[in-house]
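The residues making up each chain are set out below.
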Amino acid sequence: QGSVRHGVYVHQGSYMGNIANVWSRNNGDTGFVLGGGCTSLNVTASWGYGNTNEGWAINDLAYSSFSAVGADNNRNGYYITNVRAVTFNGMGHEANSRHGVYVAASNAIASGAVYPDIYGLSIVGSYGFANATSGGGYLNWGTVEASDGRTAQVVIQGAKDENSSVAGSFVAYGTNTR
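Calculation notes
For every chain, the first residue of the written sequence is number 1, and numbering continues from 1 along that sequence. Only residues with pLDDT of at least 70 are given local features in this predicted model, and only at 80 or more are side-chain atom pairs given and counted; all residues enter the totals for whole chains, interfaces and linings. Water and hydrogen atoms play no part in the side-chain values, which are based on all heavy atoms of the structure. Only DSSP runs of H or I reaching four residues or more are called helices, and only runs of E reaching two or more are called strands; each is numbered from the N terminus. Computation of the radius of gyration draws on C-alpha atoms, with the globule rule given as 2.2 Å multiplied by the number of residues to the power 0.38. Burial classes follow relative accessibility: with a 1.4 Å probe on protein chains only, a residue under 20% of its type's maximum area counts as buried, one over 50% as exposed, and anything between as partly exposed. Contacts are assigned to residue pairs with any non-hydrogen atoms lying within 4.5 Å of each other. Note on areas: Shrake-Rupley with a 1.4 Å probe; residue coverage comes only from the protein chains shown. Under the counting rule used here, the positive set is Lys and Arg, the negative set is Asp and Glu, and His together with the chain ends is not counted. Every charge is mapped onto a representative atom, which is NZ of Lys, CZ of Arg, CG of Asp or CD of Glu. Criterion for a salt bridge: a side-chain nitrogen of Lys or Arg within 4 Å of a carboxyl oxygen of Asp or Glu. Centres within 6.5 Å are what make two rings of Phe, Tyr or Trp a pair, Trp counting through its six-membered ring; a difference in plane orientation under 30 degrees is then read as stacked, over 60 as edge-to-face, and the rest as tilted. Placement of a positive charge over a ring is assigned whenever Lys NZ or Arg CZ falls within 6 Å of the ring centre and within 35 degrees of the normal to the ring plane. What we call a nonpolar core is a set of buried Ala, Val, Leu, Ile, Met, Phe, Trp, Tyr and Cys residues that are connected through their side-chain atoms within 4.5 Å.

**Side note on the overall build of the protein**
Scanning the protein from terminus to terminus reveals one helix and eleven strands. The helix and strand sequence of the protein, counted from the amino end, reads β-β-β-β-β-β-β-β-α-β-β-β. The C-alpha radius of gyration of the protein comes to 15 Å, within 12% of the 16 Å expected for a compact globule of 178 residues. Counting every position in the protein, which comprises 178 residues, the buried fraction comes to 48%. The long-range share in the protein, meaning contacts at least 24 apart out of those at least 6 apart in sequence, stands at 55%. Total accessible area on the protein is roughly 7500 Å²; 50% of this is exposed by carbon and sulfur atoms. In the protein, 8 side chains carry a positive charge and 10 a negative one; their mean positions are 3 Å apart.

What follows is the structure, encoded as structure tokens:
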């Protein structure tokens with residue numbers, strides 16, 4: 001809480017771990033940083049709040065799950081890149097200055113990744129409220145984008161955003177798409 005950099009930092013090949021009931025707030029960078037070739041992480045009932053950058057930065061992570069997690073009052077609620085078989089079940093994001101959820105695949109992001117691109121990202125039950133508070137053309141619920149011939153394969157079920165027309169279930173798959 002109130003760290004100069006990141007609140008929780010799990011990186012460089014960590015596996016078979018649990019994060020539960022953690023509130024990472026008011027950090028000078030990101031609330032939770034997870035990735036760097038990590039696998040088999042189970043995250044429950046945790047919240048990234050009031051961080052200068054992302055509530056959650058998830059990069060280079062495989063076969064892991066998130067349940068009942070939140071991200072409020074950050075730059076982006078969730079910034080997700082380079083994942084394989086990652087599931088969110090019950091995700092909330094409110095009052096973030098940019099996107100509630102930002103999923104991205106590009107050559108620059110994939111450079112050096114163990115798991116480049118995005119395959120098998122599943123978001124089940126997502127609620128957003130009052131995101132994109134900074135203006136600037138950010139989408140309230142969020143964005144899934146792929147560029148430079150990279151792939152983003154995402155399934156979103158049961159999404160609802162109170163401040164836009166986003167409601168329902170969606171499949172985003174492709175290269176060079178937004």
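**Focus: the pattern of salt bridges**
In this structure the tally under the stated criterion is three salt bridges. Across the salt bridge formed by Arg5 and Asp29, the nearest N and O atoms sit 3.8 Å from each other. Highlighted residues: Arg5 in the segment before strand 1 (8–10) and Asp29 in the loop between strand 3 (23–25) and strand 4 (32–44), separated in sequence by 24 residues. A relative accessible area of 16% means that Asp29 is categorised as buried. With a closest N to O distance of 2.9 Å, Glu54 and Arg75 form a salt bridge. Here Arg75 lies in the loop between strand 6 (56–72) and strand 7 (78–94) and Glu54 lies in the loop between strand 5 (47–49) and strand 6, a separation of 21 residues in the sequence. What makes Glu54 buried here is its relative accessible area of 5%.

**Considerations on the environment of Leu121**
Looking at the secondary structure, you find Leu121 in strand 9 (residues 118–129). The buried category is assigned to Leu121, whose relative accessible area is 1%. It is 8.5 Å that separates the C-alpha atoms of Leu121 and Ile156, two residues lying 35 residues apart in sequence. Beyond its immediate chain neighbours, meaning those up to four positions away, Leu121 contacts Ile80, Val83, Val86, Phe88, Val103, Gln153, Val154 and Val155.

**A word on the packing of aromatic side chains**
The geometry of an aromatic ring pair is captured by two quantities: the separation of the ring centres and the angle between the planes. In this structure the tally under the stated criterion is nine aromatic pairs. Arranged with centres 5.7 Å apart and planes meeting at 80 degrees, the rings of Tyr78 and Phe88 form a pair that is edge-to-face. With respect to burial, Tyr78 and Phe88 carry one shared label: buried. Taking 5.3 Å as the distance between ring centres and 25 degrees as the angle between the ring planes, the aromatic pair formed by Tyr79 and Tyr102 counts as stacked. Of this pair, Tyr79 sits in strand 7 while Tyr102 is found in strand 8 (residues 101–105), placing the two residues 23 residues apart along the sequence. Using a relative accessible area of 18% as the deciding quantity, one classes Tyr102 as buried. The rings of Phe32, Trp56, Phe66, Tyr78 and Phe88 are connected pair by pair, giving a single aromatic cluster. Over the ring of Trp23 we find Arg25, and its NZ or CZ is 4.4 Å from the ring centre.

**Quick look at the nonpolar core**
Counting residues in hydrophobic clusters, the biggest one holds 33 residues, and the most contacted among them are Trp56, Phe66, Tyr78, Ile80, Phe88 and Leu121. Ignoring any residue separated from it by four or fewer positions in sequence, one finds Tyr78 in contact with Trp56, Val69, Gly70, Ala71, Phe88, Met91, Gly92, His93, Gly100, Val101 and Tyr102.

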